[in-house]
Amino acid sequence: MKEYIKVCDIEKYYGKGSYVTKAVNRVSFEVEKGEFMGIMGPSGSGKSTLLNMMATIDQVTSGHIYYDGTDITELNDNEMSDFRKENLGFIFQDYNLLDTLTLEENIMLAMSLHHKSKKEIADTTHKLLTVLGIDQAAGKFPYEVSGGQKQRCACARALANDPKLILADEPTGALDSKSSRMLLQTFEMMNERLNSTILMVTHDAFSASYCKRILFLKDGEIFQELYRGDKTKREFLNDILDVLSLTGGDTEYAE
């Protein structure tokens, strides 16, 4: 399968003169359409910096990032803003839903900014509500539903404009184990049923075991790469813990 996203030899420096910190050091990899990929590594390894550069929130110092052949490192600010709006979906730790809108309206709002027809917005919203199992709560406000339903609404909103990539930075960081598992199962369903391409930064080995592939960063460089293949989550989890112990960093495991 042809690569969907291509990261080529990117570097990120902070500071000037003798106070330069190299956060990401010549990192290259490819992401295929429909992958569910994780990025792991100890604190300060560069994983969030890498995600921010792929999200166009931060700019590379050198190197290139291609989305379907478009080099986002060459875009100006206005082009970057348009690209982000049209091609990327974000899932946050705290949902970022508007409490004054129903779940259905939160999803519709994401599409209304793209000047889509009312019928297309209604059809897409209904499909997402149904696929993610929150159609019965469509008319309720965020404060009237459970955390799991809010998470699924946030996922539907991220999917609303058919993004090339969904980015999630520590999405289970503030959640209890039950809510974390529900969110991860939703990611898994989005990936398998909707062929969503997902990139998740996490320090939690259990969360990472849901991914199909994991890149491990250490000191701003790719230290190791794991593919899940036919392994069970438990087998993959053990492999992840083994690699994390070698990075000398976080080995959190919160099943």
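Scroll up a little and you will see the structure.
(A) Summary view of the overall build of the protein. A tally of helices and strands in the protein yields eight helices and 10 strands. Rg of the C-alpha trace for the protein: 18 Å, near the compact-globule value of 18 Å for 255 residues, within the 12% margin. Based on the C-alpha atoms only, the size of the protein along its principal axes is roughly 55 × 45 × 35 Å. Taken over 255 residues, the protein has a buried fraction of 50%. Accessible area for the protein stands at about 12400 Å²; split by element, carbon and sulfur atoms hold 46% of it. Placing the 29 positive and 39 negative side-chain charges of the protein at their respective mean positions leaves the two points 3 Å apart.

(B) Quick peek at the side chain of Lys47. Considering the arrangement of structural elements, one finds Lys47 in helix H1 (residues 47-54). Put simply, Lys47 is tucked away with no salt bridge, and the nearest opposite charge, on Glu170, sits 4.7 Å away. Here Gly41 takes part through its backbone oxygen, which lies 2.8 Å from a polar atom of the side chain of Lys47. Engagement of the side chain of Lys47 in a polar contact is seen with the backbone oxygen of Pro42, the distance being 3.4 Å. Ignoring any residue separated from it by four or fewer positions in sequence, one finds Lys47 in contact with Ile39, Met40, Gly41, Pro42, Glu170, Val201, Thr202 and Leu217.

(C) Representation of the pattern of salt bridges. Counting across every chain of the model gives eight salt bridges. Across the salt bridge formed by Lys12 and Asp58, the nearest N and O atoms sit 3.1 Å from each other. With Lys12 in strand S1 (residues 3-14) and Asp58 in the loop between H1 and strand S4 (62-67), the pair connects residues that are 46 residues apart, well separated along the chain. The network of salt bridges with common partners includes Glu35, Arg213 and Glu225.

(D) Expanded view of the sheet that holds strand S7 (residues 165-169). Across the sheet, six strands lie side by side as S6-S7-S8-S3-S9-S10; this open sheet has mixed pairing. Taken across any chain shown, the strands that pair with only one partner, and hence form the sheet edges, are strand S6 (88-91) and strand S10 (221-227). Across the sheet, the mean angle from the axis of one strand to that of its neighbour is 20°, orientation sign disregarded. Judged from the four bridges that link them, S7 and strand S8 (residues 198-201) form a sheet pairing that is parallel. Across the sheet, Ile166 pairs through a bridge with Ile198, a residue of S8.

Criteria and cut-off values
Residues numbered from 1 in each chain as written. Predicted model: local features only at pLDDT ≥ 70, side-chain atom pairs only at ≥ 80, totals over all residues. Heavy atoms only, no water. Helix = DSSP H or I, 4+ residues; strand = E, 2+ residues; numbered from the N terminus. Rg over C-alpha atoms; globule rule 2.2 N^0.38 Å. Buried < 20%, exposed > 50% of the residue type's maximum accessible area, 1.4 Å probe, protein only. Areas by Shrake-Rupley, 256 points an atom, 1.4 Å probe, with all protein chains shown as cover. Lys, Arg positive; Asp, Glu negative; His and termini not counted. Charge placed at Lys NZ, Arg CZ, Asp CG, Glu CD. Salt bridge = Lys/Arg side-chain N within 4 Å of Asp/Glu carboxyl O. Polar contact = N/O pair within 3.5 Å; in protein donor to acceptor, adjacent residues only side chain to side chain. Contact = heavy atoms within 4.5 Å. Pairing = 2+ DSSP bridges. Axes fitted to C-alpha atoms, helices over the stretch in contact; angles between N-to-C directions.

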